[in-house]
Amino acid sequence: MRPFTLNYARPRGLPAVVTPYRFDSSRQLNVLPDGRPAVSDRELLLAAGTTTSTAGSQTHFDD
């Protein structure tokens, strides 16, 4: 038997998320497309709250 609500439920797709920075492995920090460190962009920090990458947790035990 199929529950009534499943007749009307529709799966939602995940929203496309664009990260405005990337991890630069040579400098070991997140950088903006123009090459500046991501932590220097105040608006980005206010919107995202952080610019944490996953690279640190793979290399440091205390992350």
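Just so it is clear, the structure is predicted and the values come from calculations on it, not from any experiment. (Residues numbered from 1 in each chain as written. Predicted model: local features only at pLDDT ≥ 70, side-chain atom pairs only at ≥ 80, totals over all residues. Heavy atoms only, no water.)

**Observations concerning the overall build of the chain**
How we decide: Secondary structure elements are taken from DSSP: a helix is a run of H or I of four residues or more, a strand is a run of E of two residues or more, and numbering for both begins at the N terminus. Three labels apply to residues, based on accessible area from a 1.4 Å probe with only protein chains included: buried if under 20% of the type maximum, exposed if over 50%, partly exposed otherwise in between. Exposure was quantified through the Shrake-Rupley algorithm and a 1.4 Å probe, taking into account, for residues, occlusion by the shown protein chains and nothing else.
In terms of helices and strands, the chain carries two helices and two strands. Reading the chain from its N terminus to its C terminus gives the helix and strand order β-β-α-α. When each of the 63 residues of the chain is scored for burial, the buried share is 16%. Accessible surface, the chain: about 5,800 Å² in total, of which carbon and sulfur atoms supply 56%.

**Observations concerning the confidence of the model for the chain**
Condition: Residue-level confidence of the predictor, termed pLDDT, takes values from 0 up to 100.
Mean pLDDT over the chain stands at 75; residues scoring 70 or higher make up 71%. Summarising per-element confidence for the chain, the mean pLDDT is lowest in helix α2 (residues 55-59) (55) and highest in strand β1 (residues 22-24) (89).

**What about the pattern of salt bridges?**
This is how it is decided: In the sections that follow, a salt bridge refers to a side-chain nitrogen of Lys or Arg positioned within 4 Å of a carboxyl oxygen of Asp or Glu.
Under the counting rule described, the total for this entry stands at one salt bridge. Between aspartate 34 and arginine 36 there is a salt bridge; the shortest N-O distance is 2.9 Å.

**Looking at the side chain of aspartate 24**
For clarity, the cut-off: A contact between two residues is defined here by any heavy atoms of the two lying within 4.5 Å.
Assignment of secondary structure puts aspartate 24 in strand β1. Other than its neighbours up to four places away in sequence, aspartate 24 contacts Leu29 and Val31.

**A look at the environment of proline 37**
With respect to the helices and strands, proline 37 occurs in the loop between β2 (29-31) and α1 (42-48). Taking the C-alpha atoms as reference points, proline 37 and aspartate 24, 13 residues apart in sequence, are found 9.5 Å from one another. Dropping the residues within four chain positions of it, proline 37 is found in contact with Arg27, Leu29, Asn30, Val31 and Leu32.

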